Number of protein chains: 2
Amino acid sequence: MYLAKIYITLKPLVNDPQGLTIRGALHNLGFTTVTSVRAGKYIEIQLDENNREQAQLKVTGMCEKLLANPVIENYHFELEKI
Amino acid sequence: MYLAKIYITLKPLVNDPQGLTIRGALHNLGFTTVTSVRAGKYIEIQLDENNREQAQLKVTGMCEKLLANPVIENYHFELEKI
């Protein structure tokens with residue numbers, strides 16, 4: 001079994017309205033030293049695979065096909081044997 | 001300046017309909033070895049602080065007051081000097 005921890009973020013030049021909204025709310029709450037906020041996704045997936053290379057290939061496939069939008073998002077992941 | 005990388009996940013016993021939907025979609029795409037999916041949030045915040053303790057306090061405050069719902073979510077974060 002492997003646990004994949006997947007981080008999906010918007011590419012740096014892509015506009016991030018969610019992040020801007022969070023930054024505005026933090027400023028209103030008094031956190032005025034916040035200069036930038038980028039919002040992304042964090043997904044944990046458990047895989048019933050015994051082979052690390054196989055698990056890596058599968059998770060890359062999932063990111064490319066479903067989890068991330070490769071046009072506007074970057075992703076990276078870590079695999080942990082469980 | 002500090003960069004805070006914040007990970008927000010649902011507590012283990014909380015129902016995760018988004019995760020279940022992603023798992024269903026992955027199964028339909030042929031990724032049948034996926035046993036569990038938990039969806040969470042990943043937020044990057046840049047802070048104009050010079051002191052690590054101060055930055056840590058601020059980010060904890062942001063998580064408690066706005067970013068996470070402490071009733072159903074856990075959070076942890078890393079601070080990186082930039």
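Look above for the structure.
The notes below deal with the structure included here.

The rules behind the values
- Residues numbered from 1 in each chain as written.
- Chains lettered and ligands numbered in written order.
- Predicted model: local features only at pLDDT ≥ 70, side-chain atom pairs only at ≥ 80, totals over all residues.
- Heavy atoms only, no water.
- Salt bridge = Lys/Arg side-chain N within 4 Å of Asp/Glu carboxyl O.
- Contact = heavy atoms within 4.5 Å.
- Buried area = accessible area lost by both parts, 1.4 Å probe.
- Polar contact = N/O pair within 3.5 Å; in protein donor to acceptor, adjacent residues only side chain to side chain.
- Helix = DSSP H or I, 4+ residues; strand = E, 2+ residues; numbered from the N terminus.
- Nonpolar A, V, L, I, M, F, W, Y, C, P; charged D, E, K, R; others polar.
- Pairing = 2+ DSSP bridges.
- Axes fitted to C-alpha atoms, helices over the stretch in contact; angles between N-to-C directions.

Details of the pattern of salt bridges
Opposite charge on two side chains permits pairing when their charged atoms draw close.
For step 1, the next point in the chain: Applying the stated criterion across every chain yields a total of 6 salt bridges over all chains.
For step 2, the next point in the chain: Note that Lys-58 of chain A and Glu-49 of chain A form a salt bridge whose closest N and O atoms lie 2.7 Å from each other.

Describing the interface of chain B and chain A
For step 1, the next point in the chain: At the junction of the two partners, chain B supplies 32 residues and chain A supplies 32 residues.
For step 2, the next point in the chain: Summed over both partners, the interface of chain B with chain A buries about 2700 Å², with 69% contributed by carbon and sulfur atoms.
For step 3, the next point in the chain: For chain B, the biggest contributors to the area lost against chain A are Phe-31, Thr-33 and Tyr-42 of chain B; these three give 22% of the whole.
For step 4, the next point in the chain: Taken together, the connections running from chain B to chain A amount to 12 residue pairs in polar contact (both at pLDDT 80 or more).
For step 5, the next point in the chain: When residues in the side of chain B that touches chain A are grouped by element, the largest group, 14 residues, is from strand E2 (residues 34–47) of chain B.
For step 6, the next point in the chain: Classifying every residue of the side of chain B that touches chain A by side-chain character gives 18 nonpolar, 7 polar and 7 charged.
For step 7, the next point in the chain: Note that strand E2 (residues 34–47) of chain A and E2 of chain B share 13 bridges and pair antiparallel. Bridge pairing in E2 of chain B places Leu-47 of chain A opposite Val-34 of chain B.

Examining the sheet that holds strand E3 (residues 73–81) of chain A
For step 1, the next point in the chain: Pairing in this open sheet of 6 strands is antiparallel, and the strands run E3(A)-E1(A)-E2(A)-E2(B)-E1(B)-E3(B) from one edge to the other. A strand with exactly one partner marks an edge of an open sheet, and here the two such strands are E3 of chain A together with strand E3 (73–81) of chain B. Recorded for the sheet is a direction-independent mean angle of 20° between the axes of neighbouring strands.
For step 2, the next point in the chain: This element, helix H2 (residues 52–67) of chain A, spans strand E1 (2–10), E2 and E3 of chain A together with E2 of chain B of the sheet and lies at about 150° to E3 of chain A.
For step 3, the next point in the chain: In the packing of helix H1 (residues 17–28) of chain B onto the sheet, contacts are made with E2 of chain A together with E2 of chain B, and the angle to E2 of chain B comes to roughly 120°.

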